[in-house]
Amino acid sequence: MQFLLAEGARIGISLIGVIGLVSINALFLIWMERKVSAHIQLRPGPMEVGFHGALQTIADALKLIGKELITPEDADKLIYLLAPIVMFLPVLVSFIVIPFSPTLLIRDLNVGILLIFAFSTMAVLAILMAGWSSNNKYSLLGAIRSVAQTIAYEIPLLITAMSVIIMVGSLKLTDIVAYQATVWNVLFQPLAFILFIICGTAETNRAPFDIPEAESELVAGFHTEYSGMRFAIFFLAEYTNMFIVSAVATVLFLGGWRGPILPPLVWFLLKVYAIIFLMMWFRWTFPRLRFDQLITLGWKILIPLSLANLILTALAIKIF
Amino acid sequence: MTAFIKDTLIGFWSLLAGLGVTIRYFVKPIVTVQYPREKLTMSPRYRGHTEFIIDPETGSHLCNACENCARTCPSNVISVTGVKVAGTKKKRAVTYVLDYSLCSLCGLCVEVCPTKALKFSDEYRLAGFSRQDMIIDVIARLQAQQRALGLPEEVPPVPEAEEAKTEETKGGEGES
Ligand code: SF4
Ligand code: SF4
């Protein structure tokens with residue numbers, strides 16, 4: 001009984017915390033994205049609502065809540081309604097294992113990193129569901145592209161993560177952070193870090209890998225038919241995905257919460273948002289890849305390089 | 001194989017070069033303005049509609065209502081009336097109105113003015129909802145500018161009771 005109560009309280013508090021973090025993170029990231037894009041294009045960006053447009057996203061969110069929820073007539077209703085939820089739930093699950101600081105951590109699972117990768121792959125399922133059930137050719141094309149590109153970036157993503165894991169010898173995220181007490185992994189594994197960032201950008205379906213959405217070709221890709229809050233959930237999931245990928249990159253390569261002077265949580269968030277800034281910087285620099293270019297990049301460059309990196313790492317561990 | 005590796009490295013380098021370009025722009029000062037609240041500064045050669053130059057000595061305009069500009073204007077944009085100021089031999093403009101919808105910004109009026117009273121303004125917000133909005137009262141504009149500069153406002157001389165005399169002078173000037 002005692003155990004159940006404690007666990008219940010733990011689940012409740014974690015859920016509230018995570019949902020709060022997810023919302024605030026998305027509000028902040030959308031504002032940040034607009035500011036970053038604006039400054040790269042020599043514009044000021046949103047300036048009207050609140051200080052330097054800080055409340056702009058809240059205004060947009062309120063507008064989205066007020067929008068009508070449209071379901072296309074011939075849509076596969078059940079799947080159509082489930083798709084945003086399937087998109088969002090795995091994103092929530094990933095927060096269970098992310099170590100924000102030595103103490104701020106929901107559950108320190110032995111298979112931490114595996115859990116994140118396993119659930120983040122479900123996003124592709126959600127995209128396929130959304131595209132298939134919308135009964136719209138653009139949605140379907142977006143969904144097909146998304147599924148087809150998955151293998152091209154997920155395999156190198158997992159293999160690069162693998163090189164770090166065989167160095168550390170554990171799938172537990174806290175172990176990986178503990179391993180980097182003196183030197184960050186990025187110094188041992190610079191190539192893996194670069195590959196991970198590239199694949200991570202693809203994992204979040206962001207430009208230059210936003211082929212499933214490709215607004216200039218496919219209207220909005222898989223979420224063309226979604227409106228109002230359902231669309232907002234896809235949007236929320238995209239930005240939360242960015243946070244998770246950056247958090248994993250921070251844990252694997254940048255020493256997690258470790259850093260001098262500032263408290264661990266601040267260090268962790270600083271590193272995460274630095275990587276997110278990098279991804280935004282990518283988005284506003286590179287044009288979208290063509291599909292065959294993405295496949296070529298994935299199969300001819302990313303996978304061989306990540307394999308070579310894995311073999312080198314394994315050799316180095318064996319020798320030293 | 002070597003070609004492939006070379007291509008990959010060159011490609012990667014070009015990506016870094018691209019990132020370098022955008023980050024340089026990221027830290028550059030912004031060039032746009034928050035439009036209704038801020039205005040652009042136009043270049044000195046910009047031609048808006050014509051307006052009066054404020055003479056630094058008198059703090060007012062120099063127009064003596066000679067109507068040279070009105071006669072020169074190829075599009076009949078300008079209508080100017082003036083009266084003789086009591087006690088001097090000079091005339092002074094009472095009204096000076098432009099129909100900006102006809103103006104071709106040719107600049108003949110500016111060139112022809114004997115007292116160099118005209119210049120092009122830097123006004124670029126010239127859209128309007130009707131033709132009436134295109135009628136610009138240059139004297140009212142001058143008064144607004146004087147208010148903004150803290151100068152005493154231009155008071156156009158009132159045509160006096162001896163209207164007949166004014167008409168006469170005007171006619172006489174027209175002929176000469
Ligand atoms: S610029 Fe040319 S068209 Fe315009 S008012 Fe002067 S003379 Fe007339
Ligand atoms: S030419 Fe000059 S002085 Fe004569 S009416 Fe026109 S603006 Fe006035």
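Structure: see above.
Asker: Could you give me a rundown of the overall build of chain B, with the residues and numbers involved?
Answerer: For chain B, the count of helices and strands is five helices and five strands. Ordering the α and β elements of chain B from the N terminus gives α-β-α-β-β-α-β-β-α-α. The buried share of chain B, reckoned over its 176 residues, is 26%. Sequence-distant contacts, at least 24 apart, represent 69% of the contacts inside chain B between residues at least 6 apart. As displayed, chain B has an accessible area near 11,800 Å², and 60% of this comes from carbon and sulfur atoms.

Asker: Explain the pairing of strand β3 (residues 91–99) of chain B to me, and be specific about the residues and the numbers.
Answerer: Residue and element names in this part refer to chain B. Pairing geometry for strand β2 (residues 78–84) and β3, over seven bridges, is antiparallel. Of the residues in β3, the one forming a bridge with V80 is Y96. Here β2 hands over to β3 after six residues, with G87 in that stretch at a positive phi of 90 degrees. Two strands pair when backbone bridges link them, and β3 and strand β5 (residues 135–137) are joined in this way by three bridges, in the antiparallel orientation. Bridging from a neighbouring strand, D99 pairs with I135 of β5.

Asker: Now, about the site of ligand 2: what can you tell me, with residues and values included?
Answerer: The local shell around ligand 2 consists of C63, N64, A65, C66, E67, N68, C69, Y96, C113, P114, T115 and L118 of chain B. When the residues that make up the shell around ligand 2 are grouped by side-chain class, the tally is eight nonpolar, three polar and one charged.

Asker: Report on helix α6 (residues 137–168) of chain A, specifying residues and quantitative values.
Answerer: All names here are of chain A. Between its terminal C-alpha atoms α6 stretches 46 Å, which fits the 46 Å expected from 32 residues at 1.5 Å a residue. Of all the bends in α6, the greatest measures close to 35 degrees and is centred on T150. Capping the start of α6, N136 holds a side-chain oxygen 2.7 Å from the backbone nitrogen of Y138, two or three residues further along. Phi for G169, located one or two positions after α6, is positive at around 80 degrees.

Asker: Just give me the short version of the environment of P72 of chain A, but keep the residues and values in it.
Answerer: All names here are of chain A. As for its placement among the helices and strands, P72 is situated in the loop between α2 (56–65) and α3 (77–94). Residue P72 is classed as buried on the basis of its relative accessible area, which comes to 14%. For P72 and I40, which are 32 residues apart along the polypeptide, the C-alpha to C-alpha distance reads 38 Å. The contact partners of P72, leaving out residues within four places of it in the chain, are K77, Y80, S134 and E225.

Asker: Any chance you could break down the interface of chain A and chain B for me, citing the residues and the numbers?
Answerer: Interfaces are often sized by the amount of accessible area the parts lose when they come together. Contact residues are listed per partner, giving 17 residues for chain A and 17 residues for chain B. Buried surface at the junction of chain A and chain B, summed over both partners, amounts to about 1,600 Å²; 76% is from carbon and sulfur atoms. Linking chain A with chain B are one salt bridge. Across the pair E48 of chain A and R37 of chain B runs a salt bridge, and its minimum N-O distance is 2.9 Å. Run the count over chain A and chain B and you get six residue pairs in polar contact (both at pLDDT 80 or more). Residue assignment for the side of chain A that touches chain B shows that the elements contributing at least two residues are α1 (2–40), α12 (264–283) and α13 (291–319) of chain A. When its residues are assigned to classes, the side of chain A that touches chain B shows twelve nonpolar, two polar and three charged.

Asker: Now, about the packing of helix α9 (residues 190–203) of chain A against helix α11 (residues 228–253) of chain A: what can you tell me, with residues and values included?
Answerer: Residue and element names in this part refer to chain A. Packing of α9 against α11 leaves a shortest axis separation of 10 Å and a crossing angle of 165 degrees. Classed by the angle they form, the pair α9 and α11 counts as roughly antiparallel. For α9 against α11, the interelement crossing comes out right-handed. Across the interface between the two elements, A192, F193, F196, I197, G200 and E203 from α9 touch V245, V248, A249, L252 and F253 from α11. Classifying every residue of the contact of α9 with α11 gives nine nonpolar, one polar and one charged.

How each quantity is defined
Residues numbered from 1 in each chain as written. Chains lettered and ligands numbered in written order. Predicted model: local features only at pLDDT ≥ 70, side-chain atom pairs only at ≥ 80, totals over all residues. Heavy atoms only, no water. Helix = DSSP H or I, 4+ residues; strand = E, 2+ residues; numbered from the N terminus. Buried < 20%, exposed > 50% of the residue type's maximum accessible area, 1.4 Å probe, protein only. Contact = heavy atoms within 4.5 Å. Areas by Shrake-Rupley, 256 points an atom, 1.4 Å probe, with all protein chains shown as cover. Pairing = 2+ DSSP bridges. Near = heavy atom within 4 Å. Nonpolar A, V, L, I, M, F, W, Y, C, P; charged D, E, K, R; others polar. Expected span 1.5 Å × (residues − 1). Bend = angle between axes of the 7 residues up to and from the residue. Polar contact = N/O pair within 3.5 Å; in protein donor to acceptor, adjacent residues only side chain to side chain. Buried area = accessible area lost by both parts, 1.4 Å probe. Salt bridge = Lys/Arg side-chain N within 4 Å of Asp/Glu carboxyl O. Axes fitted to C-alpha atoms, helices over the stretch in contact; angles between N-to-C directions. Parallel < 35°, antiparallel > 145°, perpendicular 65-115°, else oblique. Left-handed = near helix turned anticlockwise from the far one by under 90°.

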